[in-house]
Amino acid sequence: MDTSNFHRLLNKQISKHLPADSLKNEHLQNFIKAINESYFNFERDKELFEHSSLLNEKEYAEINEKLKKEIKQRRLSVDKLIDAIYSLEEKEGLEANKIIDSNNLLVLVDYLQVQIDNRKKMEAELRLAKELAENATQAKSEFLSMMSHEIRTPLNAIVGMTYLMQQEEVSDNMAENLKILQFSTDNLHALINDILDFSKIEAGKVELEKAPFDLKQLISNIKKANQIKAEEKQNSIKLMIDDDVPNLIIGDSLRLGQIVSNLVSNAVKFTKNGSITVELTLQKRAGNNAILGFSVTDTGIGIEPHKQQLIFDKFTQANSETTREFGGTGLGLVITKKLLQLHGSEIKLFSEAGKGAKFYFSVELEVASDVIKLKKDINLEFQEEDILKGVKVLLVEDYPVNIKVATKFLERWKVNIDIAENGKIALEKFETGKYDVVLMDIQMPIMDGYTATSEIRKIDINVPIIALTASATLNNQDRAFTVGMNDYITKPFNPKELFNKIAKFSVKS
Ligand code: ADP
């Protein structure tokens, strides 16, 4: 039997314990072969076992390394989180100056939960405060608009009567008194308009219109409107308009006009024996848009450096003597500033005390094609001639003094007047009479102007109805048009506006 391939340990045992002859026995040979196989199997298992334990150790080390890294990473994140919490919170804000333990995640989670709850509570409180503030602003603006209505009604009478009395032959003394009366009523009127406007802007109720208008014409009208006041103070107003400024612009002519007008009338107000220059330049043309530069420069009293910011705050004037000497409310520049904000722009000021002031800004506006036809109001020159003679007007008004004022004007223009003291009487009169124009007050007892207009529209859809009212809110204006009115005049009315509007609807051109 060849034992050379046998396991070395088995060979050792065979040569030690078995005589050579015994190896010839076939059974013994088979037995020894089986043992040899077992020896080798055992050897292989041992190797395998050793190998596998070696492998486990390596794997274990790798996993261990990975875990350590993860733990380090997690600790780093927790530390960062804690740092973030400390930096967010005021130290005193942390309950009892509790130092957060980064090893105890549960405490950290609890702490965060408390913080989240606190934040939610704070947010809810803020939301409530915001709602309350909004409600208060709403109530304030409603109160102001109501008050202004109440003030406007008698003011209409004062303005109208003052105007009429100035047309009469009066003594010099009386003329002087009337001038003072007019100055005060003008001021009061401006104040009411400013307050109402300001409250509207503050309540976010002003939206800019978009319609084509002639910008150069607008600026030139503003110059004309301020000319008389300027001459009274020996001031000249110069216009300098760049040739490149587009003729037609799309925007809110009323609001843009208000901005420039505020600045020009201030310039006139605070300048004597000097000049006011209104400059309009094209700063940049970008596609369909133009960036336009506006400036109003005067050679008047100027504003001291430390007052230059303050004058843009509400009810602030640079000088306490200002109201006494120049009148004014201290609201003009605030409104100007807010209107410019609505235009995405900002008002700037350069001034040296005693040497004058320059207010300037730029706005980006869309340029309209010159082909667009402007909607032209028939703006008949306000002449005391007989253009309205014989026009039949139904005046619907409940307040006796206002009836008297309106009647006095209408009589001067030789208008044929009929009066109804409320909407119901107007309706009755309308059923029998025919009118060219209806002047309709809105707030009246028994039947208000909205209802009366709706009823009249059932009988006659063509008769021009002009609202003549003391409430100047946009809501009321919208409603007037919705119920079928054709136009709107706010009281105290400007006689020229009343004349022009009656003419617009009654005179056939
Ligand atoms: P008001 O003119 O009604 O007082 P404004 O808000 O328009 O209110 O102006 C606030 C104040 O700013 C004025 O009272 C005046 O002191 C100052 N101010 C405005 N424009 C000028 C100007 N062109 N020159 C000098 N001071 C001015």
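Relevant structure appears above.
What counts, and at which threshold
Residue positions are given per chain, counting from 1 as you read along its sequence in written order. Predicted model: local features are reported for residues with pLDDT of at least 70 only, side-chain atom pairs are reported and counted for 80 or more only, and whole-chain, interface and lining totals are derived from all residues. Just so you know, side-chain values use all the structure's heavy atoms and leave hydrogens and water out. Of the two site types, the cavity is a set of points on a 1 Å grid over the protein atoms alone where a 1.4 Å probe fits but cannot get out, and the pocket is an open set with protein on both sides within 12 Å along at least five of seven lines, each lined by residues with an atom within 4 Å of a point. Grid points are joined across faces, edges and corners, and a volume is the space filled by probe spheres set on the points. Elements are defined by DSSP. Helices are runs of H or I of four residues or more, strands are runs of E of two residues or more, and each kind is numbered from the N terminus. Residue classes follow a fixed rule: Ala, Val, Leu, Ile, Met, Phe, Trp, Tyr, Cys and Pro count as nonpolar, while Asp, Glu, Lys and Arg count as charged, and any other residue, Gly among them, counts as polar. Just to be clear on terms, a salt bridge is a Lys or Arg side-chain nitrogen sitting within 4 Å of an Asp or Glu carboxyl oxygen. Summary of the burial criterion: residues with accessible area below 20% of their type's maximum are buried, those above 50% are exposed, and those between are partly exposed, where the area comes from a 1.4 Å probe applied to protein chains only. When charges are counted, neither His nor the chain ends are considered; positive counts come from Lys and Arg and negative counts from Asp and Glu. Polar contacts, as counted here, are pairs of nitrogen or oxygen atoms within 3.5 Å of one another; within protein the pair requires one atom able to donate a hydrogen and one able to accept it, and residues that are adjacent in sequence qualify only if both atoms are side-chain atoms. In this analysis, two residues are considered to be in contact whenever any of their non-hydrogen atoms come within 4.5 Å of each other.

Caption draft 1: Spotlight on empty space enclosed by the protein. Applying the stated criterion across every chain yields a total of 1 cavity of 30 Å³ or more. Quantified by volume, the largest cavity comes out at close to 40 Å³. Along the walls of the largest cavity sit Asn 156, Val 159, Gly 160, Tyr 163, Val 405, Phe 409, Pro 492, Phe 493 and Pro 495, which together make up its complete lining. Among the elements of the structure, helix H3 (105–167) and helix H9 (400–412) are those that each provide at least two residues to the lining of the largest cavity. Among the elements that line the lining of the largest cavity, the one with the most residues is H3, at 4 residues. Along the lines of polarity and charge, the residues of the lining of the largest cavity split into 7 nonpolar, 2 polar and no charged.

Caption draft 2: Focus on the pattern of salt bridges. If you walk through the whole model with that rule in mind, you get 10 salt bridges. Here Lys 210 ties to Glu 366 by a salt bridge, and the two come within 3.6 Å at their closest N and O atoms. With Lys 210 in the loop between helix H4 (172–202) and strand S1 (211–214) and Glu 366 in strand S7 (residues 356–367), this pair connects stretches of sequence that are 156 residues apart. Across the pair Lys 355 and Glu 352 runs a salt bridge, and its minimum N-O distance is 3.7 Å. By relative accessible area, which is 60% here, Lys 355 ends up exposed. Residues joined in a network through salt bridges with shared partners are Asp 487, Glu 497, Lys 501 and Lys 504.

Caption draft 3: Examining the side chain of Asp 460 more closely. Examined against the element boundaries, Asp 460 turns out to sit in the loop between helix H11 (449–459) and strand S11 (465–469). An unpaired buried charge is present at Asp 460: no salt bridge exists, and Lys 434, the closest side chain of opposite charge, is 4.2 Å distant. One polar contact links the side chain of Asp 460 to the main-chain amide nitrogen of Asn 462, over a distance of 2.7 Å. With residues near it in sequence (within four places) discarded, Asp 460 still touches Phe 430 and Lys 434.

Caption draft 4: Layout of the environment of Ala 225. Looking at the element boundaries, Ala 225 is found in helix H5 (residues 215–232). For Ala 225, a relative accessible area of 63% translates into the label exposed. Considering only alpha carbons, one finds Ala 225 and Val 264, 39 residues apart in sequence, at a separation of 9.9 Å.

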